[in-house]
Amino acid sequence: MMPGWSDLSAMWQDALICLALLGPGAVAGLVVLRGFAPWALVVAFLRRFVWTNLLFVILIAASVALGIGLVAQESALRMGGARAADKFDLLISAPGSELSVTLAAVFLQPTQLPLLDGSTFAEIAASPGVALAAPLVFGDSVGSAPIVGTTAAFVDHLAGPVAEGRVWQRAGEAIVGATVPLTLGDEFVPAHGHREAADQDAHKGAPEHRVVGRMAATGTPWDRAILLPIESVWKVHGLATGHASDRAAQMGPPFDAAFMPGVPVVVIKVASLPATYAVQSLWQLDARTIAVFPGAVLSGLYRVMGDVRVALSAISALAQGLVAVSILAGLLILLRLLRRQLALLRVLGAPARFVLSVVWSYCALLLAIGTLVGLAAGVGLAAALSVWVSGQTGVVIYATIGWSELHLTAAFLSVVAVLSLLPGWVVSRNGNVADLRS
Amino acid sequence: MASADTARLALRNLRVGGPDGTFILDIAGLKVEPGQCIGVRGPSGAGKSMLLMAMAGLLEGAAGELRWGQTDLLTRNSGARAAFRQTHIGLIFQDFLLFDELSALANASVSVGFAKVGDRSAIKARAADWLRQLGLQDLDRPVAYFSGGERQRVAVARALANDPAILLADEPTAALDRYAADRLSTDLIQAARSGNKTLIAASHDASFLNRMDLVITLDHGRMVEAVA
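Just so it is clear, the model here is predicted, and its values are computed rather than measured.

Draft legend 1. Region of the structure containing the overall build of chain A. The helix and strand tally for chain A stands at 14 helices and 11 strands. For 438 residues, the compact-globule estimate of 2.2 N^0.38 gives 22 Å, and chain A exceeds it by more than 25% at 31 Å. A principal-axis box enclosing the C-alpha atoms of chain A has dimensions of 105 × 50 × 35 Å. Taking as baseline every contact in chain A between residues at least 6 positions apart, the subset at least 24 positions apart corresponds to 78%. Accessible surface for chain A amounts to roughly 19,500 Å². Of this, 67% is attributable to carbon and sulfur atoms. Side chains of chain A give 26 positive and 26 negative charges; the mean places of these two sets differ by 24 Å.

As structure tokens, then:
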């Protein structure tokens, strides 16, 4: 690193890297164009083959847009995933797959998880430093919306004050996520299971639940969920409700371990980061439980995805390179149709470098236009993919074009600018008289 | 720029070999004074175009002596010959060789693209001037919309835009109707005489050749007749 590099802001560093990547192409252009003004002839070539030129621009733009769109999407997915896990500092569940626990709790993916018993939950909730121990139970749904049984404190932790209505106060009341297509006052009977596999009649005869509130948007899969008091979920399944019969109307903690059915996941919030590690360590070492940092699980996943990103970027760059080379080969063939005019320039006394500059400008301009159009199209593609992925996963993601995409574009521009010398060099070496008479 | 000495041609033992070992061009000698208009005639394949190409320094492997003023083109490398053409020779072709998508002015001043920066405005001004002198008014119209006669006049303006001392024309009237051919002949000869330029034109057009100072006849690459 040059002296002072680390003193520059990240933006300046990125901008300078961008300029450095553009450097070889810019140098090629300066060397080729020095002292010449080939633009009138370049315009003539653009007009001569307008549809073919348009096709070449579209091909380049498509390859660049796909590359940029996919890479931007992958980054956005990471950020969306990290944001979704933001409210889940620590998860504790019975021994099993850390990934399954994370997918179930953070992304509400239907997963079979072993259960923690009531006494273990009570010990977890009583651990030093634990500010919130929210049990989550899954398994039911309404339409495409998963139902999660939990506590009112978790609703507040997840999304803050409700955006509409109120938090439940008794069994049979529900709060819906920001995008659930139910309105306040709507009533429903849960189905057992999810989507196509859901058994609509499993809870037939159970009392209907009524929507009394709507959570603020979180940009996570929880926006598509319906939240019930955990007691309601247990009751619908014919289980004990976590409280002794003399406290049957109680909603939320404290739970009575003797009357508490199992819970698959407990979301833990601890007052401080060191305390979080202490709680994690405590319950990770306990044979009855695993304690999972969702952020760490996602990081591990992203490490694998990091390799995928490298592979994706390499494949994308290779595809763009192949398209660029194919187009340059196509342009070389196209330029055969102009060989008399190009020979004429030499016959009129133009230096070979002028012919090179005309052909280089024509090729490089087409490729540059295609690349810049591709960059713009990549922004659009990334936005469209974001909408689609958000719809599929519930994780709201915003794919934007960042410096890494700009660096990729700058490098591509530079490479094609240098590669564009090739057809120019080939054409400028042709025999003038033979071409003139062809 | 036009220079009287540069417009003087001295050609001796100019030979261009063919693929079978014979000479496809074999001119023992020819001298042309500045300002002269020379016609070159002969049957197809006699070597008329080849002679013009040799005079323009466009043939690789031509032997002998081909001197424009003090410059023997055959001893120069291709870059030097190109530079000589750019400065001193204006070329006109039978099929015009214009860029259809460009305007008359852009075609006539096409050499500004590779001319020295300081010369560009003068070239453009001369091109516009010649286009107007040759009767063209709409200089910004693409030449694709021009008639054959108009297109050839654009080509003539292009040849004159650098104010060359030498004009070499290969069948300049062949693609034109009689009226356009006569008009172009007049314009070309007038441009040469008024600027003291040497004009050498290969042509089958008897009307055009009759107005030349000297007409040489080629046959099988040899000069068989020279009629003043």
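Next comes the rest of the write-up.
Draft legend 2. The packing of helix α10 (residues 339-347) of chain A against helix α11 (residues 352-393) of chain A, seen in detail. Residue and element names in this part refer to chain A. Put simply, α10 and α11 touch, their axes get as near as 9 Å, and they point 145 degrees apart. As for the relative orientation of α10 and α11, their crossing is right-handed in sense. Note on element contacts: α11 touches α10 through Ala 352, Phe 354, Val 355, Val 358 and Val 359, opposite Leu 342, Leu 345 and Arg 346. Grouping the constituent residues of the contact of α10 with α11 by class yields seven nonpolar, no polar and one charged.

Draft legend 3. The arrangement of the packing of helix α12 (residues 403-419) of chain A against helix α13 (residues 421-428) of chain A in detail. All names here are of chain A. Where α12 contacts α13, the two axes come as close as 4 Å, and the packing angle between them is 10 degrees. Of the possible angle classes, the one that applies to α12 and α13 is roughly parallel. Taking contact as the criterion, the partners of Ala 417, Val 418 and Leu 419 in α12 are, on α13, Leu 421, Leu 422 and Pro 423. Residues that form the contact of α12 with α13 fall into these classes: six nonpolar, no polar and no charged.

Draft legend 4. Summary view of the pairing of strand β9 (residues 226-229) of chain A. Residues and elements named next belong to chain A. Where strand β3 (residues 145-150) meets β9, four bridges bridge the pair, whose relative direction is parallel. Bridging across to β9, Ile 147 finds its partner in Ile 226. As paired elements, strand β5 (residues 173-176) and β9 share two bridges and run antiparallel to each other. The residue of β9 that forms the bridge with Ile 175 is Leu 227.

Draft legend 5. Highlighting the pattern of salt bridges. A full pass over the atoms with the stated rule returns 20 salt bridges over all chains. A salt bridge links B:Asp26 to B:Arg222, with the nearest nitrogen and oxygen atoms 3.4 Å apart. Remark: B:Arg222 occurs in strand β10 (residues 222-227) and B:Asp26 occurs in strand β2 (residues 23-32); sequence separation between them is 196 residues. Taking the relative accessible area as the measure of exposure, B:Asp26 reaches 11% and is therefore buried. Two residues, B:Arg193 and B:Asp213, come together in a salt bridge whose shortest N-O distance is 3.3 Å. With B:Arg193 in helix α6 (residues 178-194) and B:Asp213 in the loop between α7 (206-209) and β9 (214-219), the pair connects residues that are 20 residues apart, well separated along the chain. In this structure, a network of salt bridges that share partners links the residues A:Glu123, A:Asp286 and A:Arg288.

Draft legend 6. Region of the structure containing a nonpolar patch on the surface. Residue and element names in this part refer to chain A. Among the surface-exposed residues, Leu 8, Met 11, Trp 12, Leu 16, Leu 19, Leu 22 and Trp 403 lie close enough to one another that they form a single nonpolar patch of about 630 Å² accessible area. Among the elements that take part in the nonpolar patch, helix α1 (residues 10-33) stands out by supplying five residues, more than any other. Within the fold, Leu 19 resides in helix α1. By relative accessible area, which is 56% here, Leu 19 ends up exposed.

Draft legend 7. Quick peek at the interface of chain A and chain B. Chain A puts 23 residues into the contact, and the matching count from chain B is 24 residues. Together chain A and chain B conceal approximately 2,200 Å² of surface at their shared face, both sides included; 66% is due to carbon and sulfur atoms. On inspection of chain A and its partner chain B, the count reaches two salt bridges. B:Glu101 is paired through a salt bridge with A:Arg48; the nearest N and O atoms lie 2.3 Å apart. Scanning the region where chain A abuts chain B turns up seven residue pairs in polar contact (both at pLDDT 80 or more). Per-class residue counts for the side of chain A that touches chain B are 15 nonpolar, three polar and five charged.

Cut-offs used in this document
Residues numbered from 1 in each chain as written. Chains lettered and ligands numbered in written order. Predicted model: local features only at pLDDT ≥ 70, side-chain atom pairs only at ≥ 80, totals over all residues. Heavy atoms only, no water. Helix = DSSP H or I, 4+ residues; strand = E, 2+ residues; numbered from the N terminus. Rg over C-alpha atoms; globule rule 2.2 N^0.38 Å. Contact = heavy atoms within 4.5 Å. Areas by Shrake-Rupley, 256 points an atom, 1.4 Å probe, with all protein chains shown as cover. Lys, Arg positive; Asp, Glu negative; His and termini not counted. Charge placed at Lys NZ, Arg CZ, Asp CG, Glu CD. Axes fitted to C-alpha atoms, helices over the stretch in contact; angles between N-to-C directions. Left-handed = near helix turned anticlockwise from the far one by under 90°. Nonpolar A, V, L, I, M, F, W, Y, C, P; charged D, E, K, R; others polar. Parallel < 35°, antiparallel > 145°, perpendicular 65-115°, else oblique. Pairing = 2+ DSSP bridges. Salt bridge = Lys/Arg side-chain N within 4 Å of Asp/Glu carboxyl O. Buried < 20%, exposed > 50% of the residue type's maximum accessible area, 1.4 Å probe, protein only. Patch = residues over 30% accessible without salt bridge, like charges linked within 9 Å, V, L, I, M, F, W, Y side chains within 5 Å. Buried area = accessible area lost by both parts, 1.4 Å probe. Polar contact = N/O pair within 3.5 Å; in protein donor to acceptor, adjacent residues only side chain to side chain.

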